[in-house]
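Overview (structure and organization)
Take a look at the letters that make up each chain.
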Amino acid sequence: VERVFSGVQPTGNLHLGNYLGAIQRFVEMQKSHQCIYCVVDQHAITLWQDPKSLASAIREVTAAFLAAGIDPKAHIVFNQSQVAEHAELAWVFNCVARMGWLNRMTQFKEKAGKDKEAASVGLFAYPTLMAADILVYRATHVPVGEDQKQHLELARDIAAKFNNDFGDSIAANGFNGGFFPLPEPLIQGAATRVMSLRDGSKKMSKSDPSDLSRINMTDDADTIAAKIRKARTDPEPLPSEEEGLKGRPEADNLVSIFAALAGRTVAEVLAEFGGGQFSTFKTALADLTVAKISPITAEMKRLMADPGHIDAVLAEGSDRARAIAAPIMASVKDIVGFIRAK
Ligand code: ATP
Ligand code: MG
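For clarity, every value in this text was computed on a predicted model and none was experimentally measured.

Calculation notes
Residues numbered from 1 in each chain as written. Chains lettered and ligands numbered in written order. Predicted model: local features only at pLDDT ≥ 70, side-chain atom pairs only at ≥ 80, totals over all residues. Helix = DSSP H or I, 4+ residues; strand = E, 2+ residues; numbered from the N terminus. Rg over C-alpha atoms; globule rule 2.2 N^0.38 Å. Buried ≥ 20, exposed ≤ 12 C-beta atoms within 10 Å, placed from the backbone. Domains from an automatic or database assignment. Contact = placed C-beta atoms within 7 Å. Nonpolar A, V, L, I, M, F, W, Y, C, P; charged D, E, K, R; others polar. Near = placed C-beta within 6 Å. Expected span 1.5 Å × (residues − 1). Pairing = 2+ DSSP bridges. Core = buried A, V, L, I, M, F, W, Y, C linked by C-beta atoms within 7 Å. Axes fitted to C-alpha atoms, helices over the stretch in contact; angles between N-to-C directions. Parallel < 35°, antiparallel > 145°, perpendicular 65-115°, else oblique. Left-handed = near helix turned anticlockwise from the far one by under 90°. UniProt positions renumbered as here; feature names shortened; annotations may be inferred.

A short note on the overall build of the protein chain
In terms of helices and strands, the protein chain carries 14 helices and 5 strands. On C-alpha atoms alone, the protein chain measures out to a radius of gyration of 21 Å, which is about the 20 Å that the 2.2 N^0.38 rule sets for 342 residues. In terms of principal-axis extent, the alpha carbons of the protein chain reach across some 70 × 45 × 40 Å. Counting every position in the protein chain, which comprises 342 residues, the buried fraction comes to 41%.

Put into structure tokens, the structure is as follows:
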């Protein structure tokens, strides 16, 4: 079966990039696939998190999933730390992946900053846990933003090396053609890399110290409009053709956001707004963003008022996730040669 897995970290400030690059597409995938969506709290602590804020951020990401239209009954919504198999498989993958592979990961370089010696071991090993998140369900498709492409390639390398290193044992345990699928990244659409509103060369991110750099999922209509009005642009009018966006990262970003929110192509958006002033386009973009985001924000607020309900959704989702992961992890143990109670 084709199975979708993806995750979002509860690290605060959920933003428009997370929505367009990930959550909006999670919602679409439900029509065609069995989907497992995870609040990856174990990834979050690769950088220190205040415990109270972490718990509330876990609920907030869950609320965003539900408010955006993810159905926790038809699919699975849960938080990573409730399913121990993720961490168990990650250990095996730590022993499959090579130091050299992880040394090439650009996210580690960015997040560790200058003092690599002071970074947590978890931050370095992040991609092996991510590979385990996906493969502990033998998931085949992973919708993510462009920034996760390198980690997905690593997950494929880990799956292939496991299949190869344990090939004989995999066959002896009755699995033909390898044990893990090579998971495919789904990086599609107009806004796979939403950029900062203040700097067209940086991705919109939860951790940017400038709140003006991003549209938060919890921003109200006035804040959204003000941030878009203040978004950096260049002095030229909008081009009429896509070619004209080359070398204009800020314009490209705003047009791409419009296209992704409207479900239209960049060419269609430029056909309407090309030649016009940014001010006109920005007003239309603000209206569209508010129309799309505000109902989700309102529903998130409503859900956040009942943390008990959110916790119950996560507990039930975790039970259903574990039911899939446990037999897969048991097979991994048999394949590796561990002894387990039968
Ligand atoms: P952090 O800074 O804590 O890593 P983040 O904004 O990168 O936060 P993640 O939880 O790491 O958020 O990623 C969740 C999903 O959102 C991933 O699929 C990621 O690719 C996607 N994503 C993150 N930032 C963007 C962006 N600017 N544009 C499009 N997709 C994004
Ligand atoms: Mg990230």
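Structure shown, so let's carry the discussion forward.
Remarks on the domain arrangement of the protein chain
By a frequent convention, interface size equals the accessible area lost on bringing the separate parts together. In terms of domains, the protein chain is made up of domain 1 (3–186 + 306–336) and domain 2 (211–302). Summarising the inter-unit geometry, the C-alpha centres of domain 1 and domain 2 are found 30 Å apart. Opposite the 10 residues of domain 1 that make contact, domain 2 presents 9 residues. Elements supplying a minimum of two residues to the side of domain 1 that touches domain 2: helix 1 (16–29) and helix 3 (51–68). It is helix 3 that contributes the most residues to the side of domain 1 that touches domain 2, 4 residues altogether. The class makeup of the residues in the side of domain 1 that touches domain 2 is 8 nonpolar, 2 polar and no charged.

With respect to the site of ligand 1
Contacts to ligand 1 come from 20 residues, most closely from Gln 9, Gly 17, Gly 21, Gly 145 and Val 194. Of the residues that constitute the shell around ligand 1, the class distribution is 6 nonpolar, 10 polar and 4 charged.

Considering helix 11 (residues 249–262)
With 14 residues, helix 11 ought to run about 20 Å at 1.5 Å a step, and its terminal C-alpha atoms sit 20 Å apart, in line with that. Most of helix 11 is tucked away, with 11 of its 14 residues classed as buried. Three or more residues of helix 11 are buried, namely Glu 250, Ala 251, Asn 253, Leu 254, Val 255, Ser 256, Ile 257, Phe 258, Ala 259, Ala 260 and Leu 261. Positive backbone phi, at 65°, marks Gly 263, one or two positions downstream of helix 11.

Observations concerning the pairing of strand 3 (residues 76–79)
Across the two faces of strand 3 the burial is the same, with Ile 76 and Phe 78 and Val 77 and Asn 79 all buried. Relative to strand 3, strand 2 (residues 34–39) runs parallel, the two sharing 4 bridges. Bridge pairing in strand 3 links Cys 38 to Phe 78.

Structural notes on the nonpolar core
The nonpolar side chains of a soluble globular protein tend to be buried, and buried together. Of all hydrophobic cores here, the largest spans 96 residues; its most connected members are Ile 36 and Ile 257. Among the elements that make up this core, the one with the highest residue count is helix 13 (residues 278–304) (9 residues). Of the residues that make up this core, three or more belong to each of domain 1 (3–186 + 306–336) and domain 2 (211–302). Residues contacting Ile 257, with those up to four places away along its chain left out, are Leu 16, Leu 20, Ala 191, Val 194 and Leu 285.

A few points about the packing of helix 7 (residues 121–135) against helix 8 (residues 149–165)
Where helix 7 meets helix 8, the axes come as close as 9 Å, and the angle between the chain directions of the two elements is 70°. Accordingly, the angle class assigned to the pair helix 7 and helix 8 is roughly perpendicular. The two elements helix 7 and helix 8 meet at a crossing, and its hand is right-handed. Note on element contacts: helix 8 touches helix 7 through His 151, Leu 154, Ala 155, Ile 158 and Ala 159, opposite Pro 127, Thr 128, Met 130, Ala 131, Ile 134 and Leu 135. Class assignment of the residues belonging to the contact of helix 7 with helix 8 gives a composition of 9 nonpolar, 2 polar and no charged.

Details of the UniProt feature "binding site: L-tryptophan" (unreviewed entry) in the protein chain
UniProt tags Asp 133 as "binding site: L-tryptophan" (unreviewed entry). Note on placement: Asp 133 falls in helix 7. The class for Asp 133 is buried, based on 28 C-beta atoms found within 10 Å.

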